[in-house]
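Listed here are the chains, written in short residue letters.
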Amino acid sequence: MRWVRRIAAGLSVIVAIVVVLGAVTGVVAVRRSFPDTSGTAILRGLSGPVTVERDADGIPTIVASDTRDLFMAQGYVHAQDRFWEMDFRRHVTAGRLSELFGASQLGTDRFVRTLGWRRVAEQEVALLDEPAQLMLEAYADGVNAWIGGRRGSALSLEHALLPLTGASGYRPEAWTPADSLAWLKAMAWDLRSNMQTELERGRLMMADLGPGRSWEDLSPGFDAATYPPILPWGGGVVDGRFVPASGEIAAATSIPAFVRPASDLASAAEDTAVRVAADPTAVEAALAATSVALAAAPQLLGDGSQPGLGSNSWAIAPQRSATGGALLANDPHLGPSQPSLWYQVRLRCAPVTDACPYDVAGYSFSGMPGIIIGHNADVAWAFTNLGPDVADLVVERIAGDEVVTASGPVPITTLTETIRVAGGEDVALTVRITPNGPLLSDVSDDAAEVAAGPLAGPVAPAATEYAVALRWTALEPGRTANAVPGLMTATDFDSFRRAAALFEVPSQNLVYADTAGNIGYQAPGRIPVRSGHDGTVPVPGWTGVADWDRYLAFDELPYTLNPASGMIATANQLVLPPGSTPFLHVDVSAGQRGGRIVELLGDRDDLTLDDLAAIQLDGHNTNAATLVPYLLALPSDDPAVTVVQQLLLGWDQQDDADSAASAAFNATWRALLARTFHDELPEWAWPGGGGRWWEVVRGLLDDPSNVWWHDEALAARQTRDDVLLLAMGDAHAELSELLGDDPEAWRWGAIHTLTLTHESFGSSGIGPVEQLFNRGPLETSGGTDIVNANSWSAADGYAVVAVPSMRMLMDLSDLDAGRWIHLTGQSGRPFHRHYTDQAERWRDGGYAAMTFSPQATAASAEHILTLQPSG
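Everything quoted here is computed from the prediction, not taken from an experiment. (Residues numbered from 1 in each chain as written. Predicted model: local features only at pLDDT ≥ 70, side-chain atom pairs only at ≥ 80, totals over all residues. Heavy atoms only, no water.)

*Asks:* Describe in detail the overall build of the chain, supporting the description with residues and values.
*Replies:* A tally of helices and strands in the chain yields 25 helices and 35 strands. Looking at the 871 residues of the chain, the share that counts as buried comes to 60%. A sequence separation of at least 24 residues applies to 75% of the contacts in the chain between residues at least 6 apart. Carbon together with sulfur atoms contributes 53% to the accessible area of the chain, which is approximately 31000 Å² in total. (Helix = DSSP H or I, 4+ residues; strand = E, 2+ residues; numbered from the N terminus. Buried < 20%, exposed > 50% of the residue type's maximum accessible area, 1.4 Å probe, protein only. Contact = heavy atoms within 4.5 Å. Areas by Shrake-Rupley, 256 points an atom, 1.4 Å probe, with all protein chains shown as cover.)

*Asks:* An account of the sheet that holds strand β19 (residues 437-438) is needed here, citing residue identities and associated values.
*Replies:* Across the sheet, which stays open at both edges, the three strands sit in the order β17-β18-β19 with antiparallel pairing between neighbours. Sheet topology places β17 (413-419) and β19 at the edges, where each strand pairs with a single neighbour. Alignment of strand β18 (residues 427-434) against β19, held across two bridges, turns out to be antiparallel. Residue pairing in the sheet places I433 in a bridge with P438 of β19. This element, helix α4 (residues 106-115), spans β17, β18 and β19 of the sheet and lies at about 35 degrees to β18. (Pairing = 2+ DSSP bridges. Axes fitted to C-alpha atoms, helices over the stretch in contact; angles between N-to-C directions.)

*Asks:* Could you give an account of the packing of aromatic side chains, naming the residues involved and the relevant values?
*Replies:* All chains considered together, the criterion is met by 28 aromatic pairs. Judged by centre distance (5.4 Å) and plane angle (70 degrees), the rings of W183 and F365 are edge-to-face. Here the residue W183 occupies a position in helix α8 (residues 177-190), and F365 occupies one in the loop between β11 (359-364) and β12 (373-376), the gap between them amounting to 182 residues. A relative accessible area of 2% means that F365 is categorised as buried. Members of the aromatic cluster, joined through ring pairs, are W84, F88, F101, F761 and F773. Lying across the ring of W684, R203 places its NZ or CZ 4.1 Å from the centre. (Phe/Tyr/Trp six-rings, centres within 6.5 Å; stacked < 30°, edge-to-face > 60°. Lys NZ or Arg CZ within 6 Å of the ring centre and 35° of its normal.)

*Asks:* Hey, could you go over the environment of V539 for me, with residue numbers and the actual values?
*Replies:* Along the polypeptide, V539 turns up in strand β24 (residues 539-540). Linking V539 and E396, residues 143 residues apart in sequence, is a C-alpha distance of 8.8 Å.

*Asks:* If you had to explain helix α9 (residues 195-205) to someone new, which residues and values would you point to?
*Replies:* Counting buried residues in α9 gives nine out of 11 residues, a clear majority hidden from the surface. Where α9 is concerned, the buried positions are M195, E198, L199, E200, R201, G202, R203, L204 and M205.

*Asks:* Please set out the packing of helix α17 (residues 622-632) against helix α19 (residues 660-677) residue by residue, giving values where relevant.
*Replies:* With their axes 11 Å apart at the nearest point, α17 and α19 run at an angle of 80 degrees to one another. Comparing the axis directions of α17 and α19 gives the class roughly perpendicular. Along the contact surface, α17 presents N623, A624, L627, V628 and L631, while α19 presents F665, T668, W669 and L672. Tallied by class, residues from the contact of α17 with α19 come to seven nonpolar, two polar and no charged. (Parallel < 35°, antiparallel > 145°, perpendicular 65-115°, else oblique. Nonpolar A, V, L, I, M, F, W, Y, C, P; charged D, E, K, R; others polar.)

*Asks:* Let's hear about the nonpolar core: which residues, and what values?
*Replies:* Core analysis: the largest hydrophobic core is formed by 135 residues, its most contacted members being F111, W189, L470, W472 and L867. For W472, the residues in contact, after removing those within four places along its chain, are L115, W117, K185, A188, W189, R192, V390, A391 and W548. Of all hydrophobic cores here, the second largest spans 51 residues; its members include V537, V644, A660 and A671. (Core = buried A, V, L, I, M, F, W, Y, C linked by side-chain atoms within 4.5 Å.)

*Asks:* Summarise the state of the cysteines; cite the residues concerned and give the values.
*Replies:* Linking two cysteines covalently through their sulfur atoms gives a disulfide. In total, this model carries one disulfide according to the counting rule given. Put simply, C349 and C356 are joined by a disulfide, and their sulfur atoms are 2.0 Å apart. With the S-S dihedral at roughly -80 degrees, the linkage between C349 and C356 falls on the left-handed side. By relative accessible area, which is 3% here, C349 ends up buried. (Disulfide = S-S within 2.5 Å.)

*Asks:* Before we move on, can you summarise the packing of helix α18 (residues 639-648) against α19 with the specific residues and values?
*Replies:* For the pair α18 and α19, interaxial distance at closest approach is 8 Å and the crossing angle is 125 degrees. The pairing of α18 with α19 is recorded here as oblique in orientation. In terms of crossing hand, the pair formed by α18 and α19 is left-handed. Where α18 abuts α19, its residues V644, L647 and L648 lie against A660, A661, A664, F665 and T668. Classifying every residue of the contact of α18 with α19 by side-chain character gives seven nonpolar, one polar and no charged. (Left-handed = near helix turned anticlockwise from the far one by under 90°.)

*Asks:* Could you give me a rundown of the sheet that holds strand β26 (residues 559-561), with the residues and numbers involved?
*Replies:* Hydrogen bonds along the backbone pair up the strands of a sheet, which may run parallel or antiparallel. Read from one edge of the open sheet, 11 strands run β1-β35-β2-β3-β10-β11-β12-β13-β21-β22-β26, paired in mixed fashion. Sheet topology places β1 (39-42) and β26 at the edges, where each strand pairs with a single neighbour. Within the sheet, the average angular offset between the axes of one strand and its neighbour, ignoring direction, is 15 degrees. Bridging between strand β3 (residues 60-64) and strand β10 (residues 343-349) involves four bridges; their strand directions are parallel. Looking across to β10, one finds that T61 is bridged to R346.

*Asks:* Which residues make up unusual backbone geometry, and what are the values?
*Replies:* In this structure, P339 follows Q338 across a cis peptide bond, with omega equal to 5 degrees. The peptide bond linking G776 to P777 adopts the cis configuration, its omega dihedral lying at 5 degrees. Mapped onto the fold, P777 is located in strand β29 (residues 775-779). Positive phi values are uncommon outside glycine, yet N572 reaches one of about 70 degrees. Here N572 falls in the buried class, since its relative accessible area comes to 7%.

*Asks:* Talk me through the side chain of T780; I want residue IDs and the actual numbers.
*Replies:* The topology assignment puts T780 in the loop between β29 and β30 (791-792). The exposure class of T780 is buried, given its relative accessible area of 1%. Of the polar contacts made by the side chain of T780, one reaches the backbone oxygen of H752; its length is 2.8 Å. If sequence neighbours within four positions are ignored, T780 has contacts with A657, W748, G749, H752, L754, N790 and V800. (Polar contact = N/O pair within 3.5 Å; in protein donor to acceptor, adjacent residues only side chain to side chain.)

Next up, the structure:
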């Protein structure tokens, strides 16, 4: 026993030494890449000194006397704080993740290379105008100056771990302008509007939903009588130019979801020899293959198949504000990530001259120069997703190496690429491209196998193959990067609109305010005009119906300046009243958030930033306002149902984190959707539970015997009241299991949680590694299509899947009074003090001061780094 004890004691000493050495080595590895934020650093290539003032939140103010120096310093500073994020993103957008993480990432790489994000970005370099070219090249020089000879843990903790993934000896390549431009493709992809809905709708058209049920029941039109469009007073195109309407608000009616039924795949093809209706199995196989392909897509801004991607923004005219200045609010709703998608920064030329015209503060993306949302000394601007239909899924008929078109067979373009795989052999990829775009259904082995499934019907020749091509505006080289310098230097609404004209993809609602007291709105973007269909479902490519006629000219796109209402509110809803021109979209937000914002703003003329902050945090559940009266009206002797009804009685319908009633309602809502739709719909079409589904169920509530309420597996007819009672019972059972048997102790925030997940190592499946990078969970308020849009998916659970990724408030009468916050913190380096120092304030509705003047930013500076040219 003494010998055993000696062995044990010896092992304990060895373990202790290993633990200590590991801890010391780990601390060194973690801290080795932390940035120097004080003192002096040499940045070769500068023409003069640049100062970087960082405040208590690590937010830098970069001051230079030369434009090239300014953006070179921004590249350097971004790399200091976020280089892993930048390096990871450029591998994603180039389809090169397998080089870092091995064969597990081949699906994503095949998807990105098939679409050709990087190929398009490289073509866009040649389209840069002089200010954008200077900005991007200087930024790249700054990033490369920071990279220098750094390797391994000197780059980041993540780079130090790459040998574990098989990427031993990794050295980052030099940064290029194309690396930055490729990020715009990822941004456009995640904000691509209705592609997922279009695919789902096309597949549901061919599914057997049971007698009396139709896919059209699940696509209600926009109820403009209840929820106002962005420009409720309307307008229209006259002689090639949009003319905003004046006078009273236009009459509001419901816009039909399907404007042109000819887009129906089953009826669009006139040639009976190739009618899709005669071959539904083949078409469904191709569409199913496309679903498989989309599942492999990267989700850098959020998952387009989940509810919640969107944004809120509104502008208030001076006559309606307490200070006499225009007010502006913005909170884009994107997928959560660690670190946050946003990086706060101020860029200042000192002095501001024609040669160095920038004096701007706002939100940037690491890897992209300039500021995307923010303000300068004259104007401020905000973004929300416009959601125009800029992409079509085109079912192609393939015969060998040719695709069938309305004018005859056309050769398919074929590209061959090589994917390098860490720890494995290279993989060859063949990309096929038709005149309508790349074939999405080719992306993965699984997808190709599904698409090549059996062909039904005697009309299909044996050699016929069906595939799905993607026609998408972002796959055509564009000029969006040229808009960024123009937005940052705009001085009035006219110059702002000139810059907006260059912002082609992704199309956004641009909301404007300026120090002169003006407010405005502009819809920019490259938006196709179709004459053969409305873009709501996949279309056949061999009939000509899929063709695009042209793009809307910028002069045709909606705008307004200083509306009589004194406010402009955007929340991804319909832009114009039904019947207005130009036609922009069908699949938009159902309008509940926009309607709630307009309701809260009311006709007040004393609004302050405190009021706007309260609106950003509003948790009112419009769905509850509709559904709760029906739930409370049902008699029941089931104690579980009675408990839920007692919680809902007197509830203020705010989805607060500490609310038991909110937990009870949302659990009931989830159960109602499952009881009503899971038995009839395929799993890939199960409801996410957002605003569209609120409207679907609202339409069913006044029809208690509607066939959707009935479960076909039951002999007895099931009605609305049966489903509502069962749903409340299900909610009680689920919450008792999750939160305990005391309903008074239930809390919405206890199940509605947000885990800040690192976008690469945070989902490794290795607990200790995930603990290094992930933070949380945070208990949150709000919900899907609520103004405080911490969204969740009813098909998957209550965890947060999309968030207000940042919040910004501006009073244009005092540029030092602005407020801002984003999801995590400025640093992308785990264990740095700015890694998550904004997260709890973000959750609690706090803000940091968005000071702007040189005096205010200098007063708040806690660290000053001077970048000096060599010599």
